[in-house]
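Spelled out, the chains give:
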Amino acid sequence: MWYKSWVLCFFLGFLFDPMYAEGKLLWEDCIWIGMERNGNLGLEQIRSEIFPILTKDKWKQYLPKLGVHYFGIFSKNQEQIDQEYRDVRLQIQQLLYDGGETEREKQKIEIRRLIHSEEKKLLREKVFKSISLSYFNSVKQNLVESIYQLRSERFLWEEKKRKKESELGLSPKGDWEWRKVWEVEFQSKKIHSDSAKKLAHLELQQAMSLEPGTNIVLERGLTERIRLFDPYLVKNSADKNHPLRKKARLQMELAELDQESLENDWKPKLILGGYVGKNGNTGFPLQNEIYGLSFGVQANLGGTSFQTNTQNGIQSEGNGIQRIPGYGPQPVGPGENSFQSGSIGLFDDIGRNKKIFDSKMSLLQAKAEWQQSEILVLNQIQSSEIKLNEIYRKYNLYLESTKSILFQHRLKREELNQEIISEIEYLKSEEEVFVRFEILLDHYFQYLTTALDLVLLLGEDPFDNRYYKLESKTFPSDLTMIIEHWKQDDPLKSKKIIGPKTKKAYPFFMEDPYETR
């Protein structure tokens, strides 16, 4: 219980206090903060505490029902003898047999708890995916913006050079007009890139349940921590315990139990009871000891209710009162006293046929939803596999193509230095490299987002799986190397990549510690 209280306080603290992030955030940091601050996850965690309470209440059905009962009659009327009677007794009642209904109700509560557990997993997957996709998009826009910034710095340097050449008459007027058109297009793209970066940042803050004014900075170097794998090298198998599939199976089991309860409602309930106490006619303390046993039967036969009750009691001395259901109090004397009662309600459950029909329809609907969930998950896995293979192949094609264009651009730079080509040709060559980088980044992050979808469907670790792995240390990836080479003035000069040192360890976010797939 202390653990739940700590989690609740921790959640409420995050919910009502502003978040001040220190340092630069990794992918794991964003996930951790976002899932801890998500209000829906916190509410679902608290809501799950109702199931132990319901189970405990049903378990109490097996315990005897105890009660203290007091009964008194006082009559002081004119021309009549004064009467005074008091009765105090301890009553007990025990359910002997109910046709297994209590046990079925306990099973239903357990199944509802498991369904709620799967719904929490689906919600966590949804939150995890939302934060991850927003994070990928924000990192991508940061990379694109950095490339635009680098291109802008080069453009400003070249602009100063062109103005000087124009003043000296070394640059043709046509080249100058072409540069103006190129500058407008480039500045328009740069403005769009800056806006896209800000929007991606706001989207990430929203996914992490942070206020728009919260200052967070992302750690650079994601592309140096993720290692991509060829999806053709592995064979996928669907996760039979994916929350979507498991929830559908549990709902079908719940519908079957509801139908079973309706089919077994004809079984009688057997109830054994008893009492012990004292009564008297002269006030307290009471003088006469009383005790007795009762036995009752309740049943439902095709919508017709049947109920019977038998009670045998002993009055030691004096006069007492025996309370007969439906007939009121009856005077009794010393010795054995008993009564039997019974009632039949003919067709008093007029909605029984509708209950049977609704039960059958619920079971058929649950089976249909289970079949649809199986088809949906398997189709999603296959379609994600096809898309992932396509994106991976395209990514590698554009990766090699970008390397070739970058190599050609280096040759153009040498030709420009030797005045073999014009500056316009060089700018066009650099523009091709610039555009190809954007396409390459698109395919890189498309692969990550598609792989993440597939990993969640397969139930694998979203940080370490068959499609990619988040390494604990940085390494020089192909994508990073060609970006760094393009940034360098000297293509042959190697530049050290600065990134996060270690991967932070967090638990698997898709399930609670007590939940397993």
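The rules behind each value
- Residues numbered from 1 in each chain as written.
- Predicted model: local features only at pLDDT ≥ 70, side-chain atom pairs only at ≥ 80, totals over all residues.
- Heavy atoms only, no water.
- Helix = DSSP H or I, 4+ residues; strand = E, 2+ residues; numbered from the N terminus.
- Buried < 20%, exposed > 50% of the residue type's maximum accessible area, 1.4 Å probe, protein only.
- Contact = heavy atoms within 4.5 Å.
- Areas by Shrake-Rupley, 256 points an atom, 1.4 Å probe, with all protein chains shown as cover.
- Salt bridge = Lys/Arg side-chain N within 4 Å of Asp/Glu carboxyl O.
- Pairing = 2+ DSSP bridges.
- Axes fitted to C-alpha atoms, helices over the stretch in contact; angles between N-to-C directions.
- Core = buried A, V, L, I, M, F, W, Y, C linked by side-chain atoms within 4.5 Å.
- 1 Å grid on protein atoms, 1.4 Å probe; cavity = no way out; pocket = protein on both sides within 12 Å on 5 of 7 lines; lining within 4 Å.
- Points joined across faces, edges and corners; volume = space filled by probe spheres on them.
- pLDDT = per-residue confidence, 0-100.
- Patch = residues over 30% accessible without salt bridge, like charges linked within 9 Å, V, L, I, M, F, W, Y side chains within 5 Å.
- Parallel < 35°, antiparallel > 145°, perpendicular 65-115°, else oblique.
- Left-handed = near helix turned anticlockwise from the far one by under 90°.
- Nonpolar A, V, L, I, M, F, W, Y, C, P; charged D, E, K, R; others polar.

Trainee: What's the story with the overall build of the chain in this structure? I'm lost.
Mentor: The helix and strand tally for the chain stands at 10 helices and 12 strands. Counting over 517 residues, the chain shows a buried share of 41%. For the chain, the proportion of contacts with a sequence separation of at least 24, taken over those separated by at least 6, is 76%. Here the chain displays about 29600 Å² of accessible surface, and carbon together with sulfur accounts for 56% of that area.

Trainee: Quick question: what am I supposed to make of the pattern of salt bridges here?
Mentor: Side chains that carry opposite charge are capable of pairing whenever their charged atoms lie near each other. Summed over all chains, the structure comprises 24 salt bridges. With a shortest N-O distance of 3.0 Å, Arg 104 and Glu 101 are connected by a salt bridge. With Arg 104 and Glu 101 both in helix 5 (residues 101–167) and three residues apart, this pair spans about one turn of that helix. On the basis of relative accessible area, Arg 104 is assigned to the buried category, the value being 6%. The partner of Lys 129 in a salt bridge is Asp 453, with the nearest N and O atoms 2.7 Å apart. With Lys 129 in helix 5 and Asp 453 in helix 9 (residues 423–458), the pair connects residues that are 324 residues apart, well separated along the chain. Taking the relative accessible area as the measure of exposure, Asp 453 reaches 26% and is therefore partly exposed. Several salt bridges share partner residues, and in doing so they unite Glu 101, Arg 104 and Glu 260 into one network.

Trainee: Sorry if this is basic, but what is going on with the sheet that holds strand 2 (residues 65–75) here?
Mentor: Strands in a sheet are paired, the pairing made by backbone hydrogen bonds, and the direction either parallel or antiparallel. Reading across from one edge, 2-3-6-7-8-11 is the order of the six strands in this open sheet, with antiparallel pairing throughout. Edge positions in the sheet fall to strand 2 and strand 11 (335–345), since each has one partner strand and no second. Strand after strand, the sheet turns through a mean of 15° between neighbouring axes, direction not considered. Across 12 bridges, the pairing between strand 7 (residues 288–301) and strand 8 (residues 304–315) is antiparallel. Bridge assignment links Ser 294 to a residue of strand 8, and that residue is Gln 311.

Trainee: Hey, could you run me through the nonpolar core in this one?
Mentor: Of all hydrophobic cores here, the largest spans 61 residues; its most connected members are Trp 27 and Tyr 468. Tallying contributions element by element places helix 9 first for this core, with 16 residues. When near neighbours in sequence (up to four residues on either side) are disregarded, Tyr 468 contacts Trp 27, Ile 226, Arg 227, Leu 228, Phe 229, Leu 448, Ala 451, Leu 452, Val 455, Pro 462 and Phe 463. In this structure, Ile 115, Leu 250, Leu 254 and Leu 257 belong to the second largest nonpolar core, which totals five residues.

Trainee: I tried to follow empty space enclosed by the protein on my own but got confused; where do I start?
Mentor: Rolled over the atoms, a probe sized like a water molecule indicates the empty space that remains. All told, the structure shown has one cavity of 30 Å³ or more when counted by the stated rule. Counted as a void, the largest cavity has a volume near 100 Å³. What lines the largest cavity is a set of 16 residues, and nearest its centre among them are Arg 89, Tyr 275, Ile 321, Gln 322 and Val 332. The set of elements that each furnish at least two residues to the lining of the largest cavity consists of strand 3 (83–97), strand 6 (269–280), strand 8 and strand 9 (320–324).

Trainee: Please explain the confidence of the model for the chain as it appears in this structure.
Mentor: A low pLDDT score tells you not to read the predicted coordinates there in detail. Residues of the chain with pLDDT of at least 70 account for 82%, and the chain-wide mean is 81. The weakest mean pLDDT in the chain belongs to helix 1 (residues 2–16) at 36; the strongest belongs to strand 12 (residues 468–470) at 94. When the criterion is pLDDT under 50, residues 1–21 qualifies, and its contacts beyond four places in sequence or with other chains add up to 18 contacts. Long-range and interchain partners of residues 489–501, a stretch whose pLDDT sits below 50, account for 25 contacts in this model, where long-range means more than four residues apart.

Trainee: Would you mind going over a nonpolar patch on the surface with me for this structure?
Mentor: Together, Trp 266, Leu 301, Phe 306, Ile 344, Leu 346 and Phe 347 line one region of the surface with nonpolar side chains, adding up to about 700 Å² of accessible area. The topology assignment puts Leu 346 in the loop between strand 11 and helix 8 (352–417). Residue Leu 346 is classed as exposed on the basis of its relative accessible area, which comes to 64%.

Trainee: Could you clarify how one ought to interpret the side chain of Ser 384 in this entry?
Mentor: Counting through the fold element by element, Ser 384 comes out in helix 8. Assessed through its relative accessible area of 10%, Ser 384 is described here as buried. Once residues lying within four places of it in the same chain are set aside, the contact partners of Ser 384 are Thr 450, Leu 454 and Leu 457.

Trainee: Help me understand the side chain of His 409, please; the structure alone is not making it clear to me.
Mentor: Examined against the element boundaries, His 409 turns out to sit in helix 8. Residue class for His 409 comes out buried when judged on its relative accessible area of 0%. Look past the residues within four positions of His 409 in its chain and what remains in contact with it is Tyr 426, Ser 429, Glu 430, Val 433 and Trp 486.

Trainee: Which parts of the structure should I look at to understand the environment of Gly 345?
Mentor: Looking at the secondary structure, you find Gly 345 in strand 11. Along the chain, Gly 345 and Thr 304 lie 41 residues apart, while their C-alpha atoms are 5.6 Å from each other.

Trainee: Any chance you could explain the packing of helix 7 (residues 243–263) against helix 8 here in plain terms?
Mentor: When two helices pack together, their arrangement is captured by the angle between the axes and the distance separating the axes. As a packed pair, helix 7 and helix 8 sit with axes 9 Å apart at the nearest point and diverge in direction by 165°. Judged by the angle between their axes, helix 7 and helix 8 are roughly antiparallel. For the element pair helix 7 and helix 8, the recorded crossing hand is left-handed. Residues that form the contact of helix 7 with helix 8 fall into these classes: 11 nonpolar, five polar and 10 charged.

Trainee: Got a minute to help me understand unusual backbone geometry in this structure?
Mentor: If a residue is not glycine, its phi is most likely negative; likewise, a peptide bond is most likely trans. Unusually for a residue other than glycine, Ser 209 sits at a positive phi of about 60°. Structurally, Ser 209 can be placed in the loop between helix 6 (173–207) and strand 4 (217–218). Note on Ser 209: relative accessible area 26%, which makes it partly exposed.

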